[in-house]
Amino acid sequence: MGAGAGDQSGAHPPDGGWGWVVLLSCFMVAGFSYAFPKAISVYSKELMRDFGVGNSDTARISSIMLAMIYGSGPVSSIMVNKFGCRPVMLIGGVLAAGGMVAASFTTNIIQLYVTASVITGLGLALNFQPSLIMLGHYFDRRRPLANGLAAAGSPVFLSVLSPLGQVLVDHYGWRGAFLIIGGLLLNCCTCGAVMRPLERRRRGDQGAGGEPNTQQSRETQPSKLSDRETKKQREQPQKKKLLDFSVLRDKGLVIYIIAKFIVVLGLFVPTILLVNYAKDLGVPDRDAAFLLSVIGFVDIFARPTCGIVAGLRWVRPRNAFFFSLALVFNGLTNVCSAWCTDYRGLVVYCVFFGLSYGMVGALQFEVLMGIVGPDSFSSALGLVLLIESVAVLIGAPLAGRLVDAYKNYELVFYLVGGQLIAAGVFLSVASYCCLWRTKAKDTATVGDKDAEADPPLTDGNCNIDWAKHEENHCHAVTWKEGGME
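Just so it is clear, the structure is predicted and the values come from calculations on it, not from any experiment.

Considerations on the overall build of the protein
Next up, step 1: From N to C terminus, the protein includes 19 helices and two strands.
Next up, step 2: Sorting the 485 residues of the protein into buried and exposed places 49% on the buried side.
Next up, step 3: Sequence separation of at least 24 residues holds for 85% of the intrachain contacts in the protein that already meet a minimum separation of 6.
Next up, step 4: Total accessible area computed for the protein in this model is approximately 22,900 Å², and 61% of it derives from carbon and sulfur atoms.

Okay, structure coming up:
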């Protein structure tokens, strides 16, 4: 087995050091994986004109790409557990770039689905999931902040790729733009190259100052034969399943999956349809593309800030409810956006959408890590993304079909907002009823049993009750100079 996630389960997260380089790579991968499927909507009008298709057909480009990113989760999990994060990300970078280069030579919409959506989407999937796994191994105490900073790659790249795409279309056409974007996606290979696996350190292997304890190793050095046998015995139980379905027994994970399925049905729809909506209102092309940059600019600050708040001591145990609040906020923003009928109103909508969308993006994987832990995160993430891929594949094309049928964008924004509000309410209610109340009862029961089993040895003034002490022999009192131990 390669140096994958399973090899690092015994290593202590450094919460810094080379982890900051890993965080920067995660930032770039998240930017390409999440921003590019939305920014590709900038090319929709040109593709509709050249291929003679409608809104639902061009929206399917983004939805298939996102569905590949999500649906390839189990494949990515298996490859990571088998070969490790670094080689999987290198392969993914080549696929992502090759798909966009091939897309620049397509002659119909079906070929575009295969190249830009399927191949590039698979390549981005093989980069996205391993990067999150490595981030979980390098950060523990600072993990909410790290997740927030990594997630900020999406808005940063969205604010850059949208206007860049419009400039490239104006100068080189959509074919030349796809060719250039393919070259940019090769940077995913660089991100994969820096994903250095953590090395496990055995207790006693190092002395003070981090130097090897040579004297101890000489005294306790076994023979070569016994060393090999011990190594085999130590590595044998650490072999992990390529895809562990037992994580689905966790009630918290099941609740999370149901809520996220509802969320993903409409989460990406506004950003995919926003540019065309603005253009249909008479907004110039560059101003319409700039709306995505407004979302991205606000999102840049929203995600790290939300990560800092999520890491606070009194907030972190309640991050599921914080996530529910973010979903309801985003849903209300989409409902209110239906009243925006001019460019100024759309800019205001983009500001609030960017804030709420950033909160959702910063919390979604932090909540999942908190539910299953870093050791089971690879399998859990793969299964979650697989189930969500169905929603991604349905959401955007269905929204595009509704727009084509009723010529009404407001209806779509109402539906999307209602879905997100429903998901937020479900997640908070289900988490409280199924998890928090049960946990509170268990804690109270354990506390009562402990109070009965272990009577206090003091009377409240730190005076020892020697009668109780004699009855309870498991407690020992040792007197020292200057006090009691």
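Topic: the pattern of salt bridges
Next up, step 1: Enumeration according to the criterion identifies six salt bridges in this entry.
Next up, step 2: Note that Asp50 is salt-bridged to Arg49, the shortest N-O span being 3.9 Å.
Next up, step 3: With its nearest N and O atoms 2.8 Å apart, the salt bridge here joins Asp299 to Arg303. Note that Asp299 and Arg303 are positioned in helix α14 (residues 285-310) at a spacing of four residues, about one turn of the helix.
Next up, step 4: For Asp299, a relative accessible area of 2% gives the class buried.

Re the packing of aromatic side chains
Next up, step 1: Applying the stated criterion across every chain, the model contains 14 aromatic pairs.
Next up, step 2: In this structure an aromatic cluster arises from ring pairing among Tyr277, Tyr349, Phe353, Tyr357, Tyr409 and Phe413.
Next up, step 3: The side chain of Arg196 reaches across the aromatic face of Trp18, ending 4.3 Å from its centre.
Next up, step 4: Residue placement shows Lys260 over the ring face of Phe365; its charged tip is 5.8 Å from the ring centre.

Looking at a nonpolar patch on the surface
Next up, step 1: The grouping of Val160, Leu164, Tyr172, Ile180 and Leu184 at the surface amounts to a nonpolar patch, some 420 Å² of accessible area in total.
Next up, step 2: What makes Leu184 partly exposed here is its relative accessible area of 31%.

Observations regarding the nonpolar core
Next up, step 1: In this structure, Tyr43, Leu112 and Phe268 are the most contacted members of the largest nonpolar core, which totals 125 residues.
Next up, step 2: Top contributing element to this core by residue count: helix α16 (residues 343-372), with 14 residues.
Next up, step 3: Not counting chain neighbours up to four residues away, the residues in contact with Tyr43 comprise Gly165, Val169, Trp174, Ala177, Phe178 and Ile181.

What to know about the environment of Ser324
Next up, step 1: In this fold, Ser324 is placed in helix α15 (residues 319-337).
Next up, step 2: Residue class for Ser324 comes out buried when judged on its relative accessible area of 3%.
Next up, step 3: Note: C-alpha distance between Ser324 and Leu363 (39 residues apart in sequence) is 9.7 Å.

Comments concerning the environment of Tyr43
Next up, step 1: Summarising the element assignment, Tyr43 is placed in the loop between α1 (19-39) and α2 (44-51).
Next up, step 2: Each C-alpha atom, one on Tyr43 and one on Ser162, is 9.6 Å from the other, the two residues being 119 residues apart in sequence.

Comments concerning the environment of Val75
Next up, step 1: For Val75, the position within the fold is in helix α4 (residues 73-83).
Next up, step 2: Assessed through its relative accessible area of 43%, Val75 is described here as partly exposed.
Next up, step 3: Sequence-wise, Val75 and Leu386 are 311 residues apart; in three dimensions their C-alpha atoms are separated by 9.4 Å.

Re the side chain of Glu46
Next up, step 1: Counting through the fold element by element, Glu46 comes out in helix α2.
Next up, step 2: Lacking a salt bridge, the buried Glu46 has Arg49 as its closest oppositely charged neighbour, with an N-O distance of 4.7 Å.
Next up, step 3: Discounting residues that sit within four places of it in the chain, Glu46 has contacts with Val169 and Trp174.

Section: the state of the cysteines
Next up, step 1: Under the criterion given, the structure shown has zero disulfides.
Next up, step 2: Free cysteine: Cys26, not disulfide-bonded; nearest cysteine sulfur from Cys191 at 8.5 Å.

Considerations on the side chain of Ser44
Next up, step 1: Relative to the assigned elements, Ser44 resides in helix α2.
Next up, step 2: Once residues within four sequence positions are removed from consideration, Ser44 is found in contact with Thr58 and Asn276.

Here we look at the confidence of the model for the protein
Next up, step 1: Averaged over the protein, the pLDDT score is 76; the fraction of residues at 70 or greater is 78%.
Next up, step 2: The model gives residues 1-7 a pLDDT under 50, and that stretch makes 22 contacts with residues more than four places away or in other chains.
Next up, step 3: Throughout residues 448-485 the model reports pLDDT below 50, and contacts reaching past four residues in sequence, or to other chains, amount to 19 contacts.

Conventions we followed
- Residues numbered from 1 in each chain as written.
- Predicted model: local features only at pLDDT ≥ 70, side-chain atom pairs only at ≥ 80, totals over all residues.
- Heavy atoms only, no water.
- Helix = DSSP H or I, 4+ residues; strand = E, 2+ residues; numbered from the N terminus.
- Buried < 20%, exposed > 50% of the residue type's maximum accessible area, 1.4 Å probe, protein only.
- Contact = heavy atoms within 4.5 Å.
- Areas by Shrake-Rupley, 256 points an atom, 1.4 Å probe, with all protein chains shown as cover.
- Salt bridge = Lys/Arg side-chain N within 4 Å of Asp/Glu carboxyl O.
- Phe/Tyr/Trp six-rings, centres within 6.5 Å; stacked < 30°, edge-to-face > 60°.
- Lys NZ or Arg CZ within 6 Å of the ring centre and 35° of its normal.
- Patch = residues over 30% accessible without salt bridge, like charges linked within 9 Å, V, L, I, M, F, W, Y side chains within 5 Å.
- Core = buried A, V, L, I, M, F, W, Y, C linked by side-chain atoms within 4.5 Å.
- Lys, Arg positive; Asp, Glu negative; His and termini not counted.
- Disulfide = S-S within 2.5 Å.
- pLDDT = per-residue confidence, 0-100.

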